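Inside the fold
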Amino acid sequence: MTSPLSGVHVTGWGSYAPSLVLTNADLERMVETNDEWVVSRTGIRERRIAGPNETTASMASVAGLRAIATAGLEPDDIDLIIVGTLTPDYPMPSTAALVKQAIGNKRAAAMDVAAACSGFVYGYATAHAYVASGMAKNVLVIGAETLSRYTDFTDRGTCILFGDGAGAAVLSASDEPGGTMGIEMTTEPSGAYYIWLPAGGSARPTTNATLASGEHYMKMKGAETFKMAVRTLGSTSLASVRRAGLELSDLDLVVPHQANVRIIEALAKSLHFPMEKVFVNVSRYGNTSAASVPLALSEAVASGRVKQGDRLLLVAFGAGLTSGAITLQWTADPAAMARAAGIGPADVTIQPGYLEPTNPFPAALEWLRAESGAAS
Ligand code: UT7
């Protein structure tokens, strides 16, 4: 069947996760919690924490370079760079601008997308529109987050959930059959304050008072978010698959936002969809927000879960409450990711600003870094 959307394919993919690991046992030393509670309520066992020399832009750049190499392209082949993130290096310039410089691209337009955990899926949809309209041939879409710098490590309701990382994809124009088939995006502002970072914007600029009350950290109404997430993930998934002219039973693999394994299981149950066809890696990374879908997609391909011709559903939800779902037919050769072997943090340099450098690593986790002997 010919989908109404055609001609836009994922040709490259890649991810990056920092090396420092924060386990549930480590969190037990910081807040009143325990491994059994965290695993049974969330499925999370550990998450990664960016080192002092890492930022959202640096991790995004490594994932981006890997995706470009996998696509068999050079950085200058990219016409547009989109970074989905809620943890940019700075409110301005965009993280995408820093990525452009770090990967050595001389010609792309670059911008960030603010859709929280749906940032990669929203970025994918934007990239699709650019390629489908002929405004771009190759777009680099990245989801990247350094959530550890916005996490209150005294709040057990949130600090157990989040982690750092990056994932990326290259979307390219091609006349081959397959590629993107159905896109659905929604926003439900009734849930706008379920997940919230109150201070630092124009409504609540940072002051000594906002700092003292911890308003520069993420706040979340967990139970409310959970319920709305299951509902919107389900409706967004169905709408995307139907737009593609398919049924859920036509899908080979679902790659959902990795927030909580119970949310993923509830989604599968509500759709009567088998968990065997759902990719889950939340146990090792926690919730990496916009990075989660592309990080999971890269791991799914690397682990042999995706074959050429497979029909995939990428689906996410996040603050806003945003939700987005992409139905696509995978056409790239999974073996192409061997081209990215050898690309790592040493290959990217973020242009520094002109103020005195600072150590952005969370003070609450310095003990972990010292114990793990991490150099970065
Ligand atoms: O990308 C989107 C990001 N957000 C999400 O996906 C969050 C969605 N929500 C969730 O994942 C879940 O709501 C949580 C994992 C955050 C919480 O799970 P829950 O089953 O909804 O627990 P709860 O908040 O209803 O809390 C149950 C109990 C409470 O004790 P009381 O009041 O019943 O005595 C909490 O205080 O568990 C307690 N609790 C904890 N206990 C041990 C809350 N956090 C913890 C903890 N360790 N870390």
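Residues numbered from 1 in each chain as written. Predicted model: local features only at pLDDT ≥ 70, side-chain atom pairs only at ≥ 80, totals over all residues.

**So, helix H7 (residues 222–243)**
Its 22 residues place the ends of H7 31 Å apart at the C-alpha level, agreeing with the 32 Å of an ideal helix rising 1.5 Å per residue. Thr225, Ala229, Val230, Thr232, Leu233, Gly234, Thr236, Ser237, Ser240 and Val241 are the residues of H7 that are buried. Following H7 by one or two positions, Gly245 adopts a phi angle in the positive range, close to 75 degrees. (Helix = DSSP H or I, 4+ residues; strand = E, 2+ residues; numbered from the N terminus. Expected span 1.5 Å × (residues − 1). Buried ≥ 20, exposed ≤ 12 C-beta atoms within 10 Å, placed from the backbone.)

**A short note on the site of the ligand**
The ligand sits among 21 residues. The nearest are Thr33, Arg156, Gly222, Ala259 and Asn260. Listing elements by their share of the shell around the ligand, those giving two or more residues are helix H2 (35–42) and H7. Ranked by residue count, the leading element in the shell around the ligand is H7, at 5 residues. (Near = placed C-beta within 6 Å.)

**Things to note about the sheet that holds strand E13 (residues 322–329)**
Read across the open sheet, the 4 strands follow the order E8-E13-E12-E11; overall the sheet is mixed. If you trace the sheet from one side to the other, it starts and ends with strand E8 (179–187) and strand E11 (253–256), each paired once. Across the sheet, the axes of successive neighbouring strands diverge by a mean angle of 15 degrees, strand direction being ignored. Judged from the 8 bridges that link them, E8 and E13 form a sheet pairing that is antiparallel. Residue Thr187 lies in a different strand from E13, and its bridge partner there is Thr322. Each of E8, strand E12 (311–318) and E13 is contacted by helix H5 (residues 119–132), which is oriented at about 55 degrees to E13, the strand it contacts most. (Pairing = 2+ DSSP bridges. Axes fitted to C-alpha atoms, helices over the stretch in contact; angles between N-to-C directions. Contact = placed C-beta atoms within 7 Å.)

**Focus: unusual backbone geometry**
In this structure, the amide linkage connecting Met92 to the following residue, Pro93, adopts the cis form with an omega of 0 degrees. The residue Pro93 is located in the loop between strand E4 (80–84) and helix H4 (95–103) in this model. Along the chain, Gly320 connects to Leu321 via a cis peptide bond; the corresponding omega equals -15 degrees. Even without being glycine, Ala116 reaches a positive phi, approximately 55 degrees. The topology assignment puts Ala116 in the loop between strand E5 (109–113) and H5.

**Notes on the nonpolar core**
Membership of the largest hydrophobic core comes to 115 residues, with the highest contact counts inside it found for Val99, Val139, Val141 and Ile142. No other element matches helix H3 (residues 56–70), which puts 9 residues into this core. Once residues within four sequence positions are removed from consideration, Val99 is found in contact with Ala57, Ala60, Ser61, Gly64, Ile81, Val83, Ala110 and Ile142. (Core = buried A, V, L, I, M, F, W, Y, C linked by C-beta atoms within 7 Å.)

**Quick look at helix H8 (residues 261–270)**
For H8, the full list of buried residues reads Val261, Ile263, Ile264, Leu267 and Ala268. Buried residues of H8, seen end-on, are gathered within an arc of 160 degrees and therefore sit on one face of the element. If you follow the buried residues of H8, they end up packed against H2, H7, E11 and helix H9 (282–285). (Arc of directions from axis to C-beta.)

**Quick look at the packing of H7 against H8**
Contact geometry of H7 with H8 gives a least axis separation of 9 Å together with a crossing angle of 45 degrees. By the criterion of interaxial angle, the relationship of H7 to H8 is oblique. Crossing of H7 against H8: the hand is right-handed. Residue-level contacts link Phe226, Ala229, Val230, Leu233 and Gly234 of H7 to Ile263, Ala266, Leu267 and Ser270 of H8. For the contact of H7 with H8, the class distribution of residues is 7 nonpolar, 2 polar and no charged. (Parallel < 35°, antiparallel > 145°, perpendicular 65-115°, else oblique. Left-handed = near helix turned anticlockwise from the far one by under 90°. Nonpolar A, V, L, I, M, F, W, Y, C, P; charged D, E, K, R; others polar.)

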